[in-house]
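# Analysis of the macromolecular model
The chain contents come next:
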Amino acid sequence: MRLGLVGNPNVGKSLIFHQLTGIGVEVSNYPGTTVDLMKGNLCFKHEKLELVDLPGIYSLEGNSPEEVMVRTFIQEKEAEVLIAVLDATHLERNLYLFLQLAEFGKPLIAVLNIMDEAAKQGIEIDTAKLSSILGVEVIPVAAVTGMNVAEIIPAALFRARIPAVQVPYDHHIEAAIRSIQSVHPATRLQALQALQGIGTDPETNSLVEALGPEIEEMHRMTIVQIIAGNRHHRAEAIADLVSSDRGDAHPDSLDSLLTSRRSGPIILVAILLSILVSVFLIGSFIEEFLVGVFEMLVISPFSALPLDPLFRQLGLSLLLALQAGLGIALPFIFTFYFFISILEDSGYLTRAAFLADRAMHRLGMHGQGLVPLILGFGCNVPAIMGIRLLRTRRERVIASFLVSMVPCSARTVIVAGIVAVFIGLPAALSIYAITLGLVILTGLVLSRITPGEQYGMILELAPLRVPRIGNILSKSWYRIREFLFIAMPLLILASLVLGLLQYAGFFSLFQQWITPWSEAVLGLPGYATTALLFGILRKEMALETLVILAGTADLPSVMSLAQIYIFAVVSVLFIPCISTIGVLAKVVGARITLLVSLYTLILGLLIGAIINLVIV
Amino acid sequence: MKTSAREDLLEALCILSRTKPEPPTISDLSDHLSRTPEEIRGHLSTMQDQGDLRLLSGDRVELTPEGSRIGNQVAKKHQVLECFLSDILGMDRGTASEEACILEHDISDEALDRLDRYMSRPGKRWRRGKHEKSSLPTLLDYPAGSDLKVSSVKCPGGCQRLFDMGIVPGEQVRLVTTLDNKAMVIHVKGFDIAISPEIASCIFVERAE
Ligand SMILES: Nc1nc2c(ncn2[C@@H]2O[C@H](COP(=O)(O)OP(=O)(O)OP(=O)(O)O)[C@@H](O)[C@H]2O)c(=O)[nH]1
Ligand SMILES: [Mg+2]
């Protein structure tokens, strides 16, 4: 049996999914966290159930990708029972979607989530009355505290009902529904969908073509607008009936500070910069400590062992991979995610998007485009998935270029791990400045040459909340776990292969060939360019491979500072990693993916060569 | 019988026959016009003699092509006038409709035609994609802190998302804050929603009383 979680964005569907299945999905305080279906299994009284977490939507009749996805999911009967999640602090707007959902005639239950905050705001909701109006069971829940979460599954299994509530539409709409039905057998839902231009039946659609313009002419409004108005009206009436106080939130002084035209932008820049600097400082502090300990306790004793040269080479490669992975990558990735999670959970991300609206317009997008750009600092893969929420292809194309250029945490590892540590913080920050400058330049150019239309931002601001430390740690842990269990084994395997190849003398052959090029163009030793190529697999691998090929984590002993700097710049700009290329192809298609890869390849080499010319 | 009474009846018949497949009855008419059936019956038989309509069995009334032409013309005049009075002059819809009922009988075809063309301009402005100054105030014309009421929403490429968020005609919104480029946060149905200036320019508003 399959159950689906449906609701507005940011109402806690993913948190409920996580609590019920134990699967670690993204739970963040901004609308549009979940962009794809997520399935998970759970057992209830020895019966195996499948629960599906769906992206948050504003309407079941829209044509944005996530709305179409959820509509198809519901219509294709993919789930036997639906769990409608409503936000108790915004009951009225959530009922609007519920009223649409009710028209689909599927058995469901309603979960009234975020009851804890509703209580704090003094909102009281009569759930029994709401339940009798809607005609389905309503369960008050607070997913953060776990209150009543256990009630959800038994209710969905045994007490799900088809909702009784119906929206009385304007009499012209009702008349049109009746005349469609009198000519052609269609359900109320099909007639309504046809009237809003999303019907699938050609005969009903042609009837609407005859009826529609007249109604629109009479109201001087589109049918979509009339229907939306009727639904809001009904939702408002129901919300008024069941809630004592709709507690219209009094203006929050912190919020007005964060979004004011004077202080807002300053705070935004200060927050982003201080995150960057703290990641460098905290990360390099932990790194130095870990690398030192590892060197003293593991590497030196190992080097002192009398061993066969093959084993020595293999063992050393393995240990160096572990050292680079755990000692260098882990501290930076973890600190980075820690701060990004705070941004996500506080609700600040949506305010940052608002403040950046003007700047983002220059880059051919609008405020909403900032969210994937910031998430890209963590990892490009989910950030690219997130650009699906941008509404036009033009914006998605531009965003795909810019997001792929954003230095993700893996690239931060390289910058922080070698540039900040060996050269200094200003040098590390200068790499960010160069990248940012190039992102802006690229955006300026793309916004001129990319064809297509552009709409503005319509973004709901997430409520400001104090982030829960537990959620932040577990989020950072889930992301780190991906690194530990997927990337680390890969790195270790690759390091063994590299060790073997090096032992067999393969690299010296390859390097003989690449060295002249590498030295002429980038001023880098051949092994450094080889390492750059490995960075395409995973960005941290450029660093790990460099350490292995150089035979030491103390890079200044084998490379000049200028070489280290160029290495870092090129690896940051150079081609996104394989996984990013994979999602890019899924989201924007093969042609754009190829363009992005080529562009970044050329850009990386070009900037590397320029720096080489200037510095040396 | 007065022309205005005849035109009112023809208009009502046109509107009623649009909503239902079968011809309207006399009682439908009396509901629609709030007149007594007797009064209407008297007028109808005069009009049958003039060739505007045919009285059928079961008190049903069917328009002749000529009657239907005149009726549609009057209905169209009514719409244009009502729209002008409410959307452009800002009259309340109900009053605008009553006023339109009186004006529709006397306005000349040419004046109406020009009014209609004037009225369809705001829509076309968007199709050309230019931000001409419109006579109607939008969100862009008010300072932060204003309490406003949405009067209409017209944007290019549909604005389903705005409707879904509750930005529909008649809804109260508060303009919370604006930036230098006129990007703004508005408060609707308990949510703060950030919108770009080009979106704000499609939301026509007036001060809430
Ligand atoms: N106070 C409180 N916060 C909650 C509750 N449920 C969820 N949240 C918070 O609300 C935010 C959104 O939760 P998600 O589970 O990501 O919401 P979602 O519905 O999956 O959102 P989308 O994926 O964007 O559609 C997170 O910051 C949660 O911690 C609750 O019951 N009480
Ligand atoms: Mg989610």
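Residues numbered from 1 in each chain as written. Chains lettered and ligands numbered in written order. Predicted model: local features only at pLDDT ≥ 70, side-chain atom pairs only at ≥ 80, totals over all residues. Heavy atoms only, no water.

### Quick look at the packing of helix H2 (residues 26–33) of chain B against helix H3 (residues 37–50) of chain B
Residues and elements named next belong to chain B. Spelled out, the test is: Lines are fitted to the C-alpha atoms to define the axes, a helix being fitted only along its stretch in contact, and any angle between axes, read from their N-to-C directions, falls within 0 to 180 degrees. Only runs of H or I of at least four residues qualify as helices and only runs of E of at least two qualify as strands under DSSP, and these elements are numbered from the N terminus. What sets the label is the angle itself: under 35 degrees gives roughly parallel, over 145 gives roughly antiparallel, 65 to 115 gives roughly perpendicular, and the rest give oblique. Handedness of a crossing follows from how the near helix is turned relative to the far one, being left-handed for an anticlockwise turn of less than a right angle and right-handed for a clockwise one. The contact definition used throughout considers only heavy atoms, calling two residues in contact when any of these lie within 4.5 Å.
Running from amino to carboxyl end, H2 crosses H3 at an angle of 115°, the nearest separation of the two axes being 9 Å. What the angle tells us is that H2 and H3 run roughly perpendicular. Once H2 is placed against H3, the crossing between them reads as right-handed. In this structure, H2 contributes Ile26, Leu29 and Ser30 to the contact, and H3 contributes Pro37, Ile40, Arg41 and Leu44.

### Comments concerning the site of ligand 1
Residue and element names in this part refer to chain A. What counts is decided by this rule: Neighbouring residues are identified by heavy atoms, a residue being near a molecule or strand if any of them is within 4 Å of it. The term polar contact refers here to a pair of N or O atoms within 3.5 Å; inside protein, the definition further demands a hydrogen-donor-capable atom paired with an acceptor-capable atom, and it admits residues adjacent in sequence only when both atoms are side-chain atoms. Note on areas: Shrake-Rupley with a 1.4 Å probe; residue coverage comes only from the protein chains shown.
If you check the shell around ligand 1, you find 25 residues, and the closest are Lys13, Ser14, Gly32, Thr34 and Ala143. Contact between ligand 1 and Lys13: an oxygen atom at 2.7 Å from a side-chain N or O atom of the residue. Gly32 places a main-chain nitrogen or oxygen 2.8 Å from an oxygen atom of ligand 1. Protein burial of ligand 1: of its 660 Å² of free accessible surface, 97% is covered by the chains.

### Topic: the domain arrangement of chain A
Residue and element names in this part refer to chain A. How we decide: Domain extents, as shown, originate in an automatic or database domain assignment. Once two parts are joined, some of their accessible surface, as seen by a 1.4 Å probe, is lost; buried area is that loss totalled over both. Basic side-chain nitrogens of Lys or Arg form a salt bridge, by our definition, when they fall within 4 Å of a carboxyl oxygen of Asp or Glu.
Along its sequence, chain A is organised into domain 1 (2–158), domain 2 (171–242) and domain 3 (263–615). Relative to domain 2, the C-alpha centre of domain 1 lies at a distance of 26 Å. The interface of domain 1 with domain 2 comprises 18 residues on the first partner and 15 residues on the second. Summing the contributions of domain 1 and of domain 2, the shared interface buries around 1,700 Å²; its carbon and sulfur component is 67%. Seen at the junction of domain 1 and domain 2, the total is two salt bridges. Between Arg231 and Glu103 there is a salt bridge; the shortest N-O distance is 3.0 Å. Linking domain 1 with domain 2 are six residue pairs in polar contact (both at pLDDT 80 or more), by the criterion used here. Listed by contribution, the elements that provide at least two residues to the side of domain 1 that touches domain 2 are helix H2 (65–75), helix H3 (91–102) and helix H5 (127–134).

### Regarding the pairing of strand E1 (residues 2–7) of chain A
Residues and elements named next belong to chain A. We apply this condition: Only protein chains enter the area calculation, which uses a 1.4 Å probe; residues under 20% of their type maximum are buried, those over 50% are exposed, and those in between are partly exposed. Two strands make a pair as long as DSSP finds a minimum of two bridges between them.
In terms of burial, E1 is a largely internal element, five of the six residues being buried. Looking at chain direction, E1 and strand E3 (residues 47–53) are connected through four bridges and run parallel. Following the sheet pairing, Gly4 is matched in E3 by Val52.

### Notes on the side chain of Ser131 of chain A
Its location among the elements puts Ser131 of chain A in helix H5. Beyond its immediate stretch of four places on either side in the chain, Ser131 of chain A contacts Val136, Glu137 and Val138 of chain A.

### Observations concerning the coordination of the magnesium ion (ligand 2)
Residues and elements named next belong to chain A. Basically, it comes down to this: Each metal's donors are the N, O and S atoms found within 2.8 Å of it, except that Na, K and Ca use a 3.2 Å limit; water is left out, so coordination can look incomplete.
Note on the magnesium ion (ligand 2): its protein donors are Ser14 (OG) and Thr34 (OG1). The metal-donor distances range over 1.9 to 2.0 Å. Of the two residues, Ser14 sits in helix H1 (residues 13–21) while Thr34 sits in the loop between H1 and strand E2 (38–44), which places them 20 residues apart along the sequence. The exposure class assigned to Ser14 is buried, which follows from its relative accessible area of 9%.

### A closer look at the nonpolar core
Stated formally: Definition used in this section: a nonpolar core is a set of buried Ala, Val, Leu, Ile, Met, Phe, Trp, Tyr and Cys residues joined via side-chain atoms within 4.5 Å.
Formed by 119 residues in total, the largest nonpolar core has its most connected members in Val419 and Phe567 of chain A. Per-element accounting of this core gives the leading share, 13 residues, to helix H13 (residues 309–346) of chain A. Residues in contact with Phe567 of chain A, not counting those within four places in the same chain, are Ile414, Ile418, Leu524, Ala528, Ala531, Leu532, Ala542, Leu546 and Met559 of chain A. Membership of the second largest hydrophobic core comes to 84 residues, among which are Ile125, Ile226 and Val242 of chain A together with Cys159 of chain B.

### Quick notes on the packing of aromatic side chains
Using the following cut-off: Geometry of aromatic contacts follows a simple scheme: Phe, Tyr and Trp rings, the Trp one being its six-membered ring, pair when their centres are within 6.5 Å, and the pair is stacked under 30 degrees between planes, edge-to-face over 60, tilted otherwise. The rule for a charge over a ring is simple: NZ of Lys or CZ of Arg within 6 Å of the ring centre, and within 35 degrees of the ring normal.
All chains considered together, the criterion is met by four aromatic pairs over all chains. Summarising the aromatic geometry, the rings of Phe44 of chain A and Phe158 of chain A are spaced 6.5 Å apart at their centres and angled 55° between planes, so their arrangement reads as tilted. Placement of the pair is Phe44 of chain A in strand E2 and Phe158 of chain A in helix H6 (residues 152–158), with a sequence separation of 114 residues. Under the relative-accessibility criterion, Phe44 of chain A is labelled buried at 17%. For Phe158 of chain A, a relative accessible area of 58% puts it in the exposed group. Ring centres of Phe338 of chain A and Phe339 of chain A lie 5.9 Å apart, and the angle between their planes is 85°; this geometry places the pair in the edge-to-face category. The positively charged end of Arg93 of chain A is found above the aromatic ring belonging to Phe191 of chain B, 3.8 Å away from the centroid.

### Some details on the pattern of salt bridges
Pairs may arise between side chains of opposite charge once their charged atoms sit close together. Inspection of every chain in the model, using the stated rule, returns 26 salt bridges over all chains. Residue Lys189 of chain B pairs with Glu92 of chain A through a salt bridge whose shortest N-O separation is 2.4 Å. Here Lys189 of chain B, found in the loop between strand E5 (184–188) and strand E6 (191–195), pairs with Glu92 of chain A, found in helix H3, and the two come from separate chains. Exposure class is identical for Lys189 of chain B and Glu92 of chain A. Each is buried.

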